[in-house]
Amino acid sequence: MTPDAPLALLAELTHRCPLRCPYCSNPLELAKASEELGTDEWARALREAAELGCLQVHLSGGEPTARRDLPDIVAAARAAGLYTNLITAGVTLDAAKLEGLVAAGLDHVQLSVQDAQAEGAERIGGLRGAHARKREAARLVMAAGLPLTVNAVVHRQNLHNLPALIELALEWGAGRLEVAHVQYHGWALANRAALLPTRAMLEEATRTVDAARGRLNGRLVIDHVVPDYHAVRPKACMGGWGRRFLAISPRGDILPCHAAESIPGMVFPNVRDKSLRDAWTHAEAFNRFRGTAWMPAPCRGCAHAERDWGGCRCQAAALLGDAAQTDPACALSPHHAMLREALDAAGETAFAYRG
């Protein structure tokens, strides 16, 4: 059966980044600048994404503004008819760069923030002076008339500042705030003990978000992406493997999600020798975990199978060494207790920063 068209493309333009966030979900082995797709290769991939049915492209990294050809990539996306969202740390986004991106057709900016105050934000991000640069980037985005989303990655060491992060989003002029709990891949998994929040922290965060949604209705949309480690049912990760979303890595690998290249033994097609349509429709890697036929017990026949689609394949691979196992986030998994063990082991430990 031919799969439905993907709705969005995550274009990971580079792994280069001035920040060293300990929750970074990029691979432990980062792509070098010399390995990155060129401008023309990205332009072709963007055209193919639109022809496949994608409606929007998220331009990400690393830090996408590290690419000097970013305006050309934005222009190529606009020419293909894609809605363009720039996902940036903001620390290198000056007025001249933003002017060029707006002229190229940029539609939206998503700005990451590590904490509500400079001291905490710069300790987490590992870059002195970054918080003030982010504030200035937000000012420039608002002055340019672009819609702004603030993306606050939250965890054990900054959740106490969630009310202040909500106020920061309002102060910076954002129309949307994404409160995104860390997802444990890459460096985030290596730093799990320092990042995992307690159940009490998560419940307080949920109360804070619910209260703010009521108070700020019509002023600020708040999305809340909760962590898997306190769950009894897994998320339908990315809407299900190969169902609604695809990503392209800096080297050109075509992926069902940005973390999929971390799964040992999986081989993914590359835009340098495969079209996106061929990869999406026929590649073994995309079809491997589509639907429900691949599922083992207790997923097979479960009433939730076509709601959560077995959860996160990358998490199963990272924690169990086998992407075909039931996601341990599910309470029915025989390995669910390992998440409780990880929570019990968490504490205020030091970060191991990304190199």
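Up top is the structure.
Cut-offs applied
By convention here, each chain's residues receive numbers from 1 onward along its written sequence. Whole-chain, interface and lining totals are the exception, using all residues; otherwise, since this is a predicted model, local features are given only for residues with pLDDT of at least 70 and side-chain atom pairs are given and counted only at 80 or more. Computation of side-chain values covers all heavy atoms of the structure but excludes hydrogens and water. Helical segments are the DSSP runs of H or I of at least four residues, strand segments are the runs of E of at least two, and each set is numbered from the N terminus. Computation of the radius of gyration draws on C-alpha atoms alone. For the globule rule, the value is 2.2 Å times the number of residues to the power 0.38. Using a 1.4 Å probe on the protein chains alone, a residue whose accessible area is under 20% of its type maximum counts as buried, one over 50% counts as exposed, and one in between counts as partly exposed. Contacts between residues were defined by any pair of non-hydrogen atoms, one from each residue, lying within 4.5 Å. Working definition of accessibility: Shrake-Rupley area with a 1.4 Å probe, residue cover restricted to the visible protein chains. For the purpose of counting charges, residues Lys and Arg are taken to be positive, whereas Asp and Glu are taken to be negative. His and the chain ends are not included. Throughout, a charge is located at the NZ atom of Lys, the CZ atom of Arg, the CG atom of Asp or the CD atom of Glu. Ring pairs are drawn from Phe, Tyr and Trp, using the six-membered ring of Trp, whenever the two centres fall within 6.5 Å, and their geometry is named by plane angle: stacked under 30 degrees, edge-to-face over 60, tilted for the rest. Any Lys NZ or Arg CZ that is within 6 Å of a ring centre and within 35 degrees of that ring's normal is treated as a charge sitting over the ring.

Q: Please give an account of the overall build of the protein chain that cites residues and values.
A: From N to C terminus, the protein chain includes 14 helices and nine strands. In summary, the protein chain has a C-alpha radius of gyration of 20 Å against a globular reference of 20 Å for 355 residues, a match within 12%. Each of the three principal axes of the protein chain carries a C-alpha extent, and together these read 55 × 50 × 40 Å. Among the 355 residues that make up the protein chain, the fraction classed as buried is 54%. Of the contacts made within the protein chain by residues no fewer than 6 positions apart, 72% connect residues no fewer than 24 positions apart. For the protein chain, the accessible surface area stands at approximately 14900 Å², while carbon and sulfur atoms represent 53% of it. Between the centroid of the 38 positive side chains of the protein chain and the centroid of its 39 negative side chains there is a distance of 2 Å.

Q: I'd like a rundown of the packing of aromatic side chains, residues and numbers included.
A: Counting across every chain of the model gives five aromatic pairs. Residues Phe289 and Trp294 carry aromatic rings whose centres are separated by 5.1 Å and whose planes lie at 80 degrees to one another, so their mutual orientation is edge-to-face. With respect to burial, Phe289 and Trp294 carry one shared label: buried. The structure contains a cluster of three or more aromatic residues connected by ring pairs, namely Trp241, Phe289 and Trp294. One Lys or Arg, Arg290, reaches over the ring of Trp280 and ends 4.8 Å from the middle of that ring. A cation over an aromatic ring shows up here: Arg313 above the ring of Phe289, its NZ or CZ 5.9 Å from the ring centre.

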